[in-house]
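Geometric and topological summary
Listed below, chain by chain, are the residues.
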Amino acid sequence: MFEPIIHFIRQTFQKPEGFIPLHEPRFIGNERKYVLDAIDSTFVSSVGAYVNRFEEQIKQYTGVSYAIACSNGTSALHIALILAGVEQNDLVITQPLSFIATCNAISYLKAQPLFVDIDKRTLGLSAEKLADFLEKETEIRENQCFYKQTNQKIRACVPMHTFGHPAEIDKIQEICQKYGINLVEDAAESLGSLYKNRHTGTFGLVGTYSLNGNKTITSGGGGVIVTNDEKLGKLARHLTTQAKVPHAWEFVHDYVGYNYRMPNLNAALAVAQMEKLAEFIESKRQLAQIYANFFQNTDIEFCLEPENSRSMYWLNAILLKNREERDRFLEFSNKNGVMSRPSWRLMHELEMFEKCPRANLANAIEIQNRLVNLPSSVRI
Ligand SMILES: *Cc1c(COP(=O)(O)O)cnc(C)c1O
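Attention in this report is confined to the structure presented alongside it. (Residues numbered from 1 in each chain as written. Predicted model: local features only at pLDDT ≥ 70, side-chain atom pairs only at ≥ 80, totals over all residues. Heavy atoms only, no water.)

Points about the pairing of strand β11 (residues 223-227)
Two faces belong to every sheet, and in a regular strand the side chains alternate between them. For β11, the tally of buried residues reaches five of five residues, placing the bulk of the element in the interior. With burial as the criterion, each face of β11 is covered, one bearing G223, I225 and T227 and the other bearing V224 and V226. Sheet topology note: the strand β1 (residues 66-70)/β11 ladder contains five bridges and is antiparallel. Across the sheet, C70 pairs through a bridge with G223, a residue of β11. In this sheet, β11 lies alongside strand β10 (residues 206-210) in antiparallel orientation, the contact comprising four bridges. Among the inter-strand pairings, G207 is bridged to a residue of β11, identified as V226. (Buried < 20%, exposed > 50% of the residue type's maximum accessible area, 1.4 Å probe, protein only. Helix = DSSP H or I, 4+ residues; strand = E, 2+ residues; numbered from the N terminus. Pairing = 2+ DSSP bridges.)

Here's what the structure looks like:
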């Protein structure tokens with residue numbers, strides 16, 4: 001019964017046989033030229049013209065004041081949480097439906113995730129569930145929000161824009177503000193997605209993007225921290241470069257810093273990919289429309305961009321009836337060379353996080369049981 005879907009996907013990607021991956025990068029612009037130029041310049045590590053150029057591109061594109069290129073999205077998140085003041089034993093609100101990097105970054109600081117449910121429409125953190133949870137389970141003392149059950153500080157909130165679809169980020173921002181919780185956007189999957197005409201990643205105190213090889217554009221490995229706060233922007237740059245005090249020859253450091261800056265070699269790739277981003281997003285939005293039209297005539301639900309938003313549709317997703325049907329689809333499509341996969345195992349079900357505090361997570365559980373990602377590469 002899934003045969004027509006596989007046939008349709010093969011037709012859409014003009015690949016009657018052979019393997020169709022979930023998401024592969026496209027290098028159809030200046031990638032070779034810039035990477036070779038970076039090699040010829042001998043500046044291949046974390047100093048070089050392409051790193052600065054890439055950061056300028058991000059600033060121009062998203063409209064933020066500060067962009068700091070990092071070695072990957074996870075390191076960007078790690079620093080973003082430091083900027084948000086997260087400390088040992090703090091709680092950080094996030095969603096259970098996310099890639100492991102979000103919870104790992106929280107754990108690096110010896111803080112703990114606190115799981116709040118997602119919205120079934122956006123697949124991101126639910127503003128309604130967040131407000132409900134904070135009202136019932138927390139209290140504010142001296143401008144700091146505490147989780148009543150354990151008396152831990154809730155220092156930050158990290159919603160994630162799942163598969164490129166924007167969460168209701170303005171509402172989430174308002175709620176966080178009311179409770180004195182710092183908002184960090186994990187926009188790893190949504191570089192180029194707009195919510196009410198504004199870029200995801202730019203609503204919070206800090207936002208992060210990823211340029212990993214499976215994301216819409218890639219630098220091999222890479223990430224970016226963005227913020228409009230001058231102090232935080234400067235601190236982010238300092239922390240990602242071993243906290244070295246600028247000097248022509250002296251090596252003096254004033255903090256335990258990190259070697260997290262993006263190498264120039266990767267930035268060369270990133271600059272070329274940024275030049276293609278708008279074109280890639282057009283292509284991805286077209287693909288999503290083709291999927292949407294196809295699934296309209298079936299009893300399978302296609303995940304459309306939520307209201308008030310313009311998604312870059314990093315990964316297309318469908319919802320099957322239940323877990324059994326989902327597993328049958330995964331089995332059939334993968335056996336037939338069309339890659340599909342379920343969403344990540346929910347974070348609160350992983351051994352490291354199973355004891356973390358949580359609200360009711362019914363939506364995330366339902367979505368995890370039903371969702372499948374379909375091939376979503378830019379078509380050329
Ligand atoms: C890709 C991704 C990251 C960052 O991953 P890196 O591989 O370290 O760049 C973080 N959060 C989410 C939700 C992601 O999908």
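Observations regarding the site of the ligand
Within the structure, the ligand sits among 15 residues, and G73, T74, E189, S210 and K215 are positioned closest to it. Note that an oxygen atom of the ligand is positioned 2.5 Å from one of the side-chain N or O atoms of E189. In isolation the ligand has 380 Å² of accessible area, and contact with the protein removes 92% of it. Among the cavities detected, the one that contains the ligand is the largest pocket. Of the residues forming the shell around the ligand, the biggest block, three residues, is contributed by helix α4 (residues 73-83). In the shell around the ligand, the residues fall into five nonpolar, seven polar and three charged. (Near = heavy atom within 4 Å. Polar contact = N/O pair within 3.5 Å; in protein donor to acceptor, adjacent residues only side chain to side chain. Areas by Shrake-Rupley, 256 points an atom, 1.4 Å probe, with all protein chains shown as cover. 1 Å grid on protein atoms, 1.4 Å probe; cavity = no way out; pocket = protein on both sides within 12 Å on 5 of 7 lines; lining within 4 Å. Sits in = over half its atoms within 2 Å of the grid points. Nonpolar A, V, L, I, M, F, W, Y, C, P; charged D, E, K, R; others polar.)

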